[in-house]
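Summary of structural features
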Amino acid sequence: EITSRYCVNLDQVYVVGHSLGAWMANSLACSHGDVIRASATLGGSSKGGDCTGPVAVMQWHNPDDALAAFSGALTTRDRFLTQNRCSLESVSVEPVWGSCVEYKGCLDQAPVVFCPHENDYDGRGVYYTHNWPKGMGEQVWKFFQENR
């Protein structure tokens, strides 16, 4: 319906989500990797199932997240590594404050970047491990620009 009403570049469809929105975005990137160009998520896992496509992925998750299990993020990351045919070898990438790594050997134009950040406080200084780290928005935008 959207593409019939609006001018949409179907080569540049991106998804972003936090928490349950991350679950939805990760699930869409898996099931519709042949349509979605890139995905960036924070603090969420995904549903199981067969994945399609390759899709560029940037996944953020605090290992101490009390609302979304880090194990779910690892399972989702591993699903993307398989989907994009990446090796388990990784290298550190920017931003270093996010403890980000990029996996090697992924299909062309389908990087997987995993950021197990340790930003435990929200913008008001309150301890909250399920937060959106300051500066993450700029990193997501940069990732999308690099993966057009």
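Residues numbered from 1 in each chain as written. Predicted model: local features only at pLDDT ≥ 70, side-chain atom pairs only at ≥ 80, totals over all residues. Heavy atoms only, no water.

Below, the discussion takes up helix α4 (residues 136–146). Every buried residue of α4 is accounted for by M136, Q139, V140, F143 and F144. Buried positions in α4, seen along its axis, are confined to an arc of 135° and lie on one side of it. Exposed residues lying more than 90 degrees from the buried face of α4 are E138, W141 and E146. (Buried < 20%, exposed > 50% of the residue type's maximum accessible area, 1.4 Å probe, protein only. Helix = DSSP H or I, 4+ residues; strand = E, 2+ residues; numbered from the N terminus. Arc of directions from axis to C-beta.)

Following the criterion strictly, the structure yields 5 aromatic pairs and no others. Ring centres 6.0 Å apart and planes at 45° place the aromatic pair F70 and F114 in the tilted group. You can see F70 sitting in helix α3 (residues 70–83) and its partner F114 sitting in strand β6 (residues 112–115), a full 44 residues away along the chain. In this structure an aromatic cluster arises from ring pairing among Y14, F143 and F144. (Phe/Tyr/Trp six-rings, centres within 6.5 Å; stacked < 30°, edge-to-face > 60°.)

Turning our eyes to something else, we now look at the side chain of H117. Following the sequence through the fold, H117 ends up in the loop between β6 and α4. Look past the residues within four positions of H117 in its chain and what remains in contact with it is L42, W60, H61, N62, P63, G98, N131 and P133. (Contact = heavy atoms within 4.5 Å.)

All chains considered together, the criterion is met by 3 disulfides. The residue that forms a disulfide with C86 is C106, at a sulfur-sulfur distance of 2.0 Å. Across the S-S bond of C86 and C106 the torsion is about 110°, and the bridge reads as right-handed. Of this pair, C86 sits in the loop between α3 and β4 (90–92) while C106 sits in the loop between β5 (101–103) and β6, and the two are 20 residues apart along the sequence. Both residues of the pair, C86 and C106, belong to the buried class. Sequence-ordered numbering of the bonded cysteines in the protein chain gives a disulfide pattern of 1-2, 3-5, 4-6. (Disulfide = S-S within 2.5 Å.)

Burial runs high along strand β3 (residues 56–60): 5 of the 5 residues are buried. Burial along β3 is two-sided: A56, M58 and W60 facing one way and V57 and Q59 facing the other are all buried. Pairing analysis gives 5 bridges linking strand β2 (residues 38–42) to β3, with the strands arranged parallel. Bridge pairing in β3 places A40 opposite M58. As defined by bridge partners, β3 adjoins β6 across 4 bridges and the pair is classed as parallel. Each residue of the ladder has a partner; that of Q59, found in β6, is F114. (Pairing = 2+ DSSP bridges.)

In terms of nonpolar packing, the biggest core is built from 17 residues, with V55, F80, C86, Y103, V112 and F114 touching the most fellow members. Put simply, the parts of the chain that give this core at least two residues each are α2 (20–31), α3, β5 and β6. Looking at which element gives the most residues to this core, the answer is α3, with 4 residues. Setting aside chain neighbours within four positions, we find Y103 in contact with R77, L81, C86, S87, L88, E89, S90, V112 and F114. Within the second largest apolar cluster, 13 residues are counted, among which are M58, W60, F143 and F144. (Core = buried A, V, L, I, M, F, W, Y, C linked by side-chain atoms within 4.5 Å.)

Let us now look at α2. Between the first and last C-alpha of α2 there are 16 Å, a value that for 12 residues agrees with the 16 Å anticipated at 1.5 Å per step. Those residues of α2 lying buried are A22, A25, N26, S27, A29 and C30. Next to the buried residues of α2 lie β1 (14–18), β2, β3 and α3. (Expected span 1.5 Å × (residues − 1).)

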